[in-house]
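Structural overview for review
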Amino acid sequence: MNAPLFEKVDRYITQLYEAEDEALQFTREAIIKAGMPEHSISPIQGHFLSFMAKLVNAKHILELGTLGGYSTIWLARAVGDSGCVTTIELEARFAEVAKTSIQRAGVADRVSQRTGKALDILPQLETEDTPPFDMVFIDADKPAYCDYLDWAVRLCRPGALIIADNVIREGKVLDNDSSDEKVLGVQAFNQKLAEDDRLTSTILQTIGIKEYDRMALALVKG
Ligand code: DHB
Ligand code: MG
């Protein structure tokens, strides 16, 4: 594969759409400075998420895996000032870093940060009097992806869009003998997604600065 070319084209698209402004650059740098995993989505993936959110007119989005808030900021901008993003992060330290960047990006008023185990927080969301989600972005710990999918469907309105990151893992999903728990997690997720009668789904294979990996897309049937 021609990685340098794919990276150059990624940068070309990023520049074309001016897809990373100062607030997003600050967010990316804050993640590096804090020694957090550099697993944020790329600028054009953020641009893609924003496009998809607008396509389904998402006003209420759930994100699993805030990390440093990079994708949260993209989603918060996409919902507009009448929208809301609920984002869940396990690590309190990461959530603090995200909080600063989200505030700095000027979207804190439309972001609800929850810190703790997603599988504890998701049942709480169900009991709260919030409208169903129009879109869910799953980008958290891979072994729990199947559980997250069930929760996403449960908390979404019919016609909602579910997007999951990292379902290809540089092709490691092809390895039926893998003992990597992340690979096992996304293999089970992809199988479940394809078989789930509640969903219409597909997997988008693309490549760029985040190497060879990418996103699954599912629509909750109405
Ligand atoms: C990993 C997680 C991510 O969300 C990502 O985008 C890339 C890698 C990981 O845990 O390996
Ligand atoms: Mg990811």
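Residues numbered from 1 in each chain as written. Chains lettered and ligands numbered in written order. Predicted model: local features only at pLDDT ≥ 70, side-chain atom pairs only at ≥ 80, totals over all residues. Heavy atoms only, no water.

Considering the overall build of the protein
The line we're drawing: The helix count covers DSSP runs of H or I at least four residues long, the strand count covers runs of E at least two residues long, and both are numbered beginning at the N terminus. Radius of gyration here is computed from C-alpha atoms only, and the compact-globule reference equals 2.2 Å multiplied by the residue count raised to the power 0.38. The classification of residues rests on relative accessible area computed with a 1.4 Å probe and restricted to protein chains. Under 20% of the type maximum is buried, over 50% is exposed, and intermediate values are partly exposed. We call two residues in contact when some of their heavy atoms are within 4.5 Å. For the accessible areas, the method is Shrake-Rupley and the probe is 1.4 Å, while residue cover comes only from the protein chains on display. The charged-residue count follows a simple rule in which Lys and Arg add positive charge and Asp and Glu add negative charge, with His and chain termini not counted at all. For charged residues, the charge sits on one atom: NZ in Lys, CZ in Arg, CG in Asp, CD in Glu.
Helix and strand counts for the protein come out as eight helices and nine strands. Rg of the C-alpha trace for the protein: 16 Å, near the compact-globule value of 17 Å for 222 residues, within the 12% margin. Its C-alpha atoms put the protein at 45 × 40 × 30 Å along the principal axes. Out of the 222 residues belonging to the protein, those deemed buried represent 50%. A separation of at least 24 residues holds for 71% of the contacts in the protein among residues at least 6 apart in sequence. About 10,900 Å² of surface is accessible on the protein, with carbon and sulfur atoms providing 51% of the total. Between the mean site of the 24 positive side-chain charges and the mean site of the 34 negative ones, the protein shows a separation of 3 Å.

Thoughts on helix H1 (residues 3-16)
This is how the line gets drawn: One less than the residue count of a helix, multiplied by 1.5 Å, gives the span that helix is expected to have.
The end-to-end C-alpha separation of H1 is 20 Å, in line with the 20 Å expected for 14 residues at 1.5 Å each. After H1 finishes, the residue Glu 18 shows a positive phi value of roughly 45 degrees.

Structural notes on the sheet that holds strand E1 (residues 60-64)
Counted only if it meets this: Two strands pair under a simple rule: DSSP has to find at least two bridges between them. For helices, the axis comes from a line fit to the C-alpha atoms of the stretch in contact; other axes are also lines fit to C-alpha atoms, and the angle between any two N-to-C directions lies between 0 and 180 degrees.
If you trace the seven strands from one edge of the open sheet to the other, you get E3-E2-E1-E4-E5-E9-E6, paired in mixed fashion. The strands lining the two open edges of the sheet, one partner per strand, are strand E3 (111-115) and strand E6 (199-203). Averaged over neighbouring strand pairs, the angle between their axes works out to 15 degrees when direction is ignored. Examined bridge by bridge, E1 and strand E4 (residues 133-138) share four bridges and lie parallel to one another. Of the residues in E4, the one forming a bridge with Glu 63 is Phe 137. In the packing of helix H5 (residues 92-104) onto the sheet, contacts are made with strand E2 (84-89) and E3, and the angle to E3 comes to roughly 165 degrees. Sitting on the sheet, helix H7 (residues 145-155) is in contact with E1, E4, strand E5 (156-164) and E6, with an inclination near 155 degrees to E5.

Remarks on helix H3 (residues 43-55)
Counted at 1.5 Å a residue, the expected span for H3 with its 13 residues is 18 Å, and the 18 Å between its end C-alpha atoms agrees. Restricting attention to buried positions, one finds in H3 the residues Pro 43, Ile 44, Gln 45, Gly 46, Leu 49, Ser 50, Met 52 and Ala 53. Of the residues one or two after H3, Asn 57 is the one with positive phi, at around 50 degrees.

Quick look at the coordination of the magnesium ion (ligand 2)
Under the convention used in this document: Counted as donors are N, O and S atoms no farther than 2.8 Å from the metal, or 3.2 Å for Na, K and Ca; water is not among the atoms, and sites may therefore look incomplete.
Protein-derived coordination of the magnesium ion (ligand 2) comes from Asp 139 (OD), Asp 165 (OD) and Asn 166 (OD1), at a distance range of 2.0 to 2.1 Å. Mapping the donors of the magnesium ion (ligand 2) onto the primary sequence yields the spacing D-x25-D-N. Of this pair, Asp 139 sits in the loop between E4 and H7 while Asn 166 sits in the loop between E5 and helix H8 (181-195), and the two are 27 residues apart along the sequence.

Re the nonpolar core
Convention followed: Residues enter a nonpolar core if they are buried and are Ala, Val, Leu, Ile, Met, Phe, Trp, Tyr or Cys, with the set joined through side-chain atoms within 4.5 Å.
If you look at the biggest cluster of nonpolar residues, it comprises 35 residues, and the most contacted ones within it are Leu 62, Leu 122, Ile 138, Tyr 148, Ile 162 and Phe 189. Secondary structure elements with two or more residues in this core: E1, helix H6 (118-127), E4, H7, E5, H8 and strand E9 (216-220). At eight residues, the largest contribution of residues to this core is made by H7. Those residues in contact with Tyr 148, other than ones at most four positions away along the chain, are Leu 64, Ala 118, Leu 119, Leu 122, Ile 138, Ala 140 and Asp 141. Core analysis: the next-biggest nonpolar cluster, separate from the first, contains 29 residues, Leu 49, Val 56, Met 135 and Leu 161 among them.

Examining the packing of aromatic side chains
Spelled out, the test is: Within 6.5 Å between ring centres, the rings of Phe, Tyr and Trp (the latter by its six-membered ring) count as paired, and their orientation is classed by plane angle as stacked under 30 degrees, edge-to-face over 60, tilted in between. Over a ring means this: the NZ of a Lys or the CZ of an Arg is within 6 Å of the ring centre and within 35 degrees of the ring normal.
In this structure the tally under the stated criterion is one aromatic pair. In this structure, Arg 104 is placed above the aromatic ring of Phe 26, and the distance from its NZ or CZ to the ring centre is 4.0 Å. The ring centre of Trp 151 lies 4.3 Å from the NZ or CZ of Arg 154, which sits over that ring.

Side note on the site of ligand 1
Applied cut-off: One heavy atom within 4 Å of a molecule or strand is enough for the residue carrying it to be called near that molecule or strand. Under the rule applied, a polar contact is a pair of N or O atoms within 3.5 Å (in protein, one hydrogen donor and one hydrogen acceptor; residues adjacent in sequence only if both atoms are side-chain atoms).
Neighbouring ligand 1 are the residues His 39, Asp 139, Lys 142, Asp 165, Asn 166, Arg 169, Lys 182 and Lys 210. A distance of 3.0 Å is found between an oxygen atom of ligand 1 and a side-chain nitrogen or oxygen belonging to Lys 142. Taking Asn 166, its side chain carries an N or O atom lying 2.7 Å from an oxygen atom of ligand 1. Look at ligand 1: alone it shows 290 Å² of surface, and the protein chains cover 82% of it.

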